[in-house]
Amino acid sequence: MEALNELSASGWSAAAPIVNEIRNRVNLGVTPAANQAAMRLAIEKERRLELAFEGHRWFDLLRTNRAVAVMNAQTNGNGANLNYNVTAAKLLFPIPQAEWDRNPNIR
């Protein structure tokens, strides 16, 4: 789906039937996405719902460079911001000490 959507500006129309197939399986209507950017978000949402609890969401957000925006926009049940304060620097995993010890050229 994602690859079809990103092939060209009109690639979203090739991805739409696949998204609609997933939506029809659970008795939802066709996707309202009418352009590439909207289809990108629709695919992201379908992956979030279909792959819930499988550990893909975080890596999808990292891969699409949306982790900071999405995480900082999270709210609780009352609509108050959760203040995750995610920055680009916080997205990087630290280098394990064993790797620092093995390779002095890392610095």
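Preceding this paragraph is the structure being described.
What you see is a predicted model, and the numbers here were worked out from it, not measured in a lab.

Novice: I'm lost on the nonpolar core in this one. Help?
Specialist: In globular proteins that are soluble, nonpolar side chains generally tend to be buried together. In this structure, A15, A16, V19, A33, M39, A42 and I43 together form the largest nonpolar core, which totals 7 residues. When residues of this core are traced back to their parent elements, those giving at least two are α2 (12-25) and α3 (36-50).

Novice: What am I meant to see in the environment of R57 here?
Specialist: Take R57: it is sitting in helix α4 (residues 57-63). Between the alpha carbons of R57 and R47 there is a distance of 7.6 Å; along the sequence they are 10 residues apart. Once you skip the residues sitting within four places of it in the chain, R57 turns out to touch E44, R48 and V70. Polar contacts involving the side chain of R57 include one to the side chain of E44, which spans 3.5 Å.

Novice: Can you help me understand α3 in this one?
Specialist: Structural remark: α-helix, 3.6 residues per turn; residues separated by three or four positions point the same way. With 15 residues, α3 extends 21 Å from end C-alpha to end C-alpha; this agrees with the ideal 21 Å at 1.5 Å per step. Along α3, the positions that sit buried rather than exposed are Q36, M39, A42, I43, E44 and E46. On its buried side, α3 packs onto α1 (2-7), α2, α4 and α5 (67-72). Measuring from the backbone nitrogen of A37 back to the side-chain oxygen at the start of α3 gives 3.2 Å, which picks out N35 as the cap.

Novice: Before we go on, may I ask you to explain unusual backbone geometry in this structure?
Specialist: Where the residue is not glycine, phi is negative for most of them; where a peptide bond is considered, it is trans in most cases. With a phi close to 70°, F53 is a non-glycine residue in the positive phi region. Structurally, F53 is set in the loop between α3 and α4. Judged by its relative accessible area of 88%, F53 is exposed. Not every positive phi belongs to a glycine, and N85 is a case in point at roughly 50°.

Novice: What should I look at first to understand the pattern of salt bridges in this one?
Specialist: A complete count under the given rule lists 10 salt bridges for this structure. R47 is the salt-bridge partner of D60, the closest N and O atoms lying 2.8 Å from each other. Highlighted residues: D60 in helix α4 and R47 in helix α3, separated in sequence by 13 residues. Taken together, the shared-partner salt bridges connect E2, R47, D60 and R63 into one network.

Rules and cut-offs
Residues numbered from 1 in each chain as written. Predicted model: local features only at pLDDT ≥ 70, side-chain atom pairs only at ≥ 80, totals over all residues. Heavy atoms only, no water. Core = buried A, V, L, I, M, F, W, Y, C linked by side-chain atoms within 4.5 Å. Buried < 20%, exposed > 50% of the residue type's maximum accessible area, 1.4 Å probe, protein only. Helix = DSSP H or I, 4+ residues; strand = E, 2+ residues; numbered from the N terminus. Contact = heavy atoms within 4.5 Å. Polar contact = N/O pair within 3.5 Å; in protein donor to acceptor, adjacent residues only side chain to side chain. Expected span 1.5 Å × (residues − 1). Salt bridge = Lys/Arg side-chain N within 4 Å of Asp/Glu carboxyl O.

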